[in-house]
Amino acid sequence: MLQPRHRSARRVAAAVFPLVALGASATAQSIYNYTGAAGGDLLGWAVSDVGDVNKDGTDDFAIAAPYHDAGGTDAGAVYVHSGADGSVLFTFNGTAALDHLGYSLSAAGDVNNDTFPDIIAGAPGPAVAAVGPGKAVVFSGQDGSVLLTINGEVTGDRFGHSVSDAFDVNLDGFGDLLVGAPGDDEVPFAVGRAYLISGADGSTLRTFLGNTERDRFGHAVEGIGDLNGDGRPEAIVGAPLDNVGASDNGSVTVYSGIDGTQLSSFSLPFVNADMGHAISRLEDLNGDSIPEYVVSARWQQDNGVTHVFNGATQTRLFIRLGNSVAVWSGFSIANVGDINRDSVPDLAVSAPLEVGTPVYPDVPMLGGVRFLSGVDGSPIRALIGPEDQTWYGHSIAAVDVDSDGVRDLVVGEPLGQNGRGRVEVVPSFTTFVGSREKISTRNGGTQNMILRAGPSFGNMTYFVLGSAVGTRPVVPIPPIELPLVPDGYFAFTFSQPGTPPLGNTFGTLDAQGRAVATFSIPGGLTNLLIGITLHHAYVVFDGSLNPVFASNAVPLVLWF
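Scoring rules and cut-offs
Residues numbered from 1 in each chain as written. Predicted model: local features only at pLDDT ≥ 70, side-chain atom pairs only at ≥ 80, totals over all residues. Heavy atoms only, no water. 1 Å grid on protein atoms, 1.4 Å probe; cavity = no way out; pocket = protein on both sides within 12 Å on 5 of 7 lines; lining within 4 Å. Points joined across faces, edges and corners; volume = space filled by probe spheres on them. Helix = DSSP H or I, 4+ residues; strand = E, 2+ residues; numbered from the N terminus. Nonpolar A, V, L, I, M, F, W, Y, C, P; charged D, E, K, R; others polar. Phe/Tyr/Trp six-rings, centres within 6.5 Å; stacked < 30°, edge-to-face > 60°. Buried < 20%, exposed > 50% of the residue type's maximum accessible area, 1.4 Å probe, protein only. Lys NZ or Arg CZ within 6 Å of the ring centre and 35° of its normal. Salt bridge = Lys/Arg side-chain N within 4 Å of Asp/Glu carboxyl O. Core = buried A, V, L, I, M, F, W, Y, C linked by side-chain atoms within 4.5 Å. Contact = heavy atoms within 4.5 Å. Pairing = 2+ DSSP bridges. Axes fitted to C-alpha atoms, helices over the stretch in contact; angles between N-to-C directions.

## Examining the layout of surface pockets
Reported here for the largest pocket is a volume of approximately 1,300 Å³. Lining the largest pocket are 47 residues; nearest its centre among them are V47, L105, I279, I333 and I396. Taken together, the elements giving at least two residues each to the lining of the largest pocket come down to strand 2 (46–51), strand 6 (104–109), strand 10 (162–165), strand 14 (220–225), strand 18 (275–281), strand 22 (333–337) and strand 28 (395–399). At 6 residues, strand 2 tops the list of elements feeding residues into the lining of the largest pocket. Per-class residue counts for the lining of the largest pocket are 23 nonpolar, 15 polar and 9 charged. Each pocket or cavity is described by its volume, and for the second largest pocket that value is around 280 Å³. Residue lining of the second largest pocket: 14 residues in total, with P427, F429, T431, F549 and A550 positioned closest to the centre. When the residues that make up the lining of the second largest pocket are grouped by side-chain class, the tally is 6 nonpolar, 6 polar and 2 charged.

Below is the structure:
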């Protein structure tokens, strides 16, 4: 048996290592995990918060598998899950082959004024060889019945490619809806169109039209609240292939809720920037009582850039560049609330091809999600996917399922589990933070690993361990679970705490339950290390050496 070199660490190890040596495993340190019913379902293509549909005091969420076959080949399916216990509340199956129900998904607000939040799902049909115009279906949050079926106009429109609630735009007491049809070519080819739909009866209140051929206007739509103080909520529409200023640079346009006039439009002077690929409303970040919003340009500067806008002035507050080339940074965005407890709401941004890139084909493309500060866009925490090329983070949504006052993150991984798809719900609030996400093997560097277990664990013993394999299956240390896979690196961190490249990985937390450990490497290391992702997590032990707490895992990528 390996033995830690510190005597006090050996005492802790005696309580822990027998469990690790058994090779026992448990589920990942996620709140919930789901896998698609069959190969090719692509569960996790879309996910959404949906409000508290069963009125048990905990918000619920929906996940989609648009290629599920229960209602016909690729008819699609949507599953509404209880936030309280993760169980399925409703299952909605597509009604015809190639519907692709659940290609898009959103909370719908209360469209029938029964006090229950409802759900809208898009069924745009196939992107090629279209079989119809597409549709959007609104389901009751109270009993799962179909409240509205809204059909597109012309075959190939891809009506339902994007959907969103729109608040109550016409003030009739019923929640209204937004639906995008980026394939609409009534004027030129694929100019795109977006529809504002009455929740009361499904009629069209107004339409918004793209500018030029192939704009793909309506690729993303979002209701964003009242920005100009006129008492009506505004709408924003993305056209990621718009050619305003540069070829396929993309644009986003904000429309008045009171009359549909254009309030602002934003584009970029970058070719193929894809501005407007994803849009999300945010809470008030700057204290002016007006909500902000965020827009991604997933190909801008190759890495992808996230743009956060001031809702009042519709000018940018800050931007955040993706971490690597060609990772689709900003593919999906979520409003996660205040996860770092600084009184400013934060956001999450996904990059489904994160870590590896096509430029470095031998490096795995695991996908990832970054939590960013609502103050300035600085990173708070990162999640890294478990498998190569499974599009971890293709969809994300935030919902507080554990009633701790902090929204948790629903993450879709549609190519996971050999195409069945996978969804996990992970806690957003983190007790372990890394100061950086990558270290260059060429230049070297240090990641400070910040432990913040909290005052209830003050003055207790901590032990930081690591894995080069991943975070699942976890190590069970009853009654807790450590989100690391035992491997050779785990054995090293276990037997040699504080030995370089590690520093201060075993010790005593301060009275507030805090400490800082480090991982440091010199420059000039072998390129064979490029692409390795290490994860570290820590265990806290009480005075009797009983394990009482395990942190989240913090990733670190060794890079070129």
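On we go from here.
## Focus: the packing of aromatic side chains
Each aromatic ring pair is described using two quantities: the centre-to-centre distance and the angle formed by the ring planes. If you walk through the whole model with that rule in mind, you get 22 aromatic pairs. Seen in terms of ring centroids, W328 and W391 are 5.7 Å apart; in terms of plane orientation they differ by 55 degrees. Their pairing is tilted. Taken together, the residues span a long stretch of sequence, with W328 in the loop between strand 21 (316–321) and strand 22 and W391 in the loop between strand 27 (379–384) and strand 28 at a distance of 63 residues. Classification of W391 by relative accessible area gives partly exposed; the value is 22%. Pairing Y489 with F492 gives two aromatic rings, centres 6.3 Å apart and planes at 25 degrees, and the pair type is stacked. Of this pair, Y489 and F492 both sit in helix 2 (residues 488–495), 3 residues apart, which is roughly one turn of that helix. For Y489, a relative accessible area of 14% puts it in the buried group. Classification of F492 by relative accessible area gives partly exposed; the value is 25%. Aromatic rings pair up to connect W45, Y67, Y103, W328, F331 and W391 into one cluster. When the ring centre of F116 is taken as reference, the NZ or CZ atom of K55 above it lies at 4.3 Å. Geometry around W328 places R298 over its ring, the cationic atom sitting 5.0 Å from the centre.

## Overview of the pattern of salt bridges
This model, assessed by the stated rule, comprises 13 salt bridges. For R193, the salt bridge is made with D184, and the minimal N-O distance between the two is 3.1 Å. For D184, a relative accessible area of 2% puts it in the buried group. A salt bridge links R370 to E437; its shortest N-O distance comes to 2.4 Å. Separated by 67 residues along the polypeptide, R370 in strand 26 (residues 368–372) and E437 in the loop between strand 31 (432–434) and strand 32 (438–440) bring together distant segments of the chain. Per residue, the accessibility class of R370 equals that of E437, and both read buried. Linked through salt bridges whose partners overlap, the residues forming this network are E354, R370, E437 and K438.

## Describing the nonpolar core
Core analysis: the largest hydrophobic core is formed by 22 residues, its most contacted members being L451, V464, L509, F519 and Y538. Listed by contribution, the elements that provide at least two residues to this core are strand 33 (445–452), strand 34 (461–467), strand 39 (514–521), strand 40 (533–541) and strand 42 (554–559). Discounting residues that sit within four places of it in the chain, L509 has contacts with L451, A453, F457, G458, N459, M460, Y462, R514, A515 and V540. Listed in part, the 19 residues of the second largest apolar core include W45, I119, A121 and A123.

## Topic: the sheet that holds strand 29 (residues 408–413)
If you trace the 4 strands from one edge of the open sheet to the other, you get 1-30-29-28, paired in antiparallel fashion. The two strands at the open ends of the sheet, each matched to only one other strand, are strand 1 (32–35) and strand 28. Put simply, the sheet's adjacent strands are angled 15 degrees from each other on average, direction ignored. Sheet analysis places strand 1 next to strand 30 (residues 422–426), joined by 4 bridges and oriented antiparallel.

## With respect to empty space enclosed by the protein
Here the structure, examined in full by the defined rule, presents 3 cavities of 30 Å³ or more. Size it by volume and the second largest cavity reaches roughly 80 Å³. When residues of the lining of the second largest cavity are traced back to their parent elements, those giving at least two are strand 21, strand 23 (346–351) and strand 26. Considering each element in turn, the lining of the second largest cavity owes the most residues, 3 residues, to strand 23. In terms of residue class, the lining of the second largest cavity is built from 4 nonpolar, 5 polar and 3 charged.

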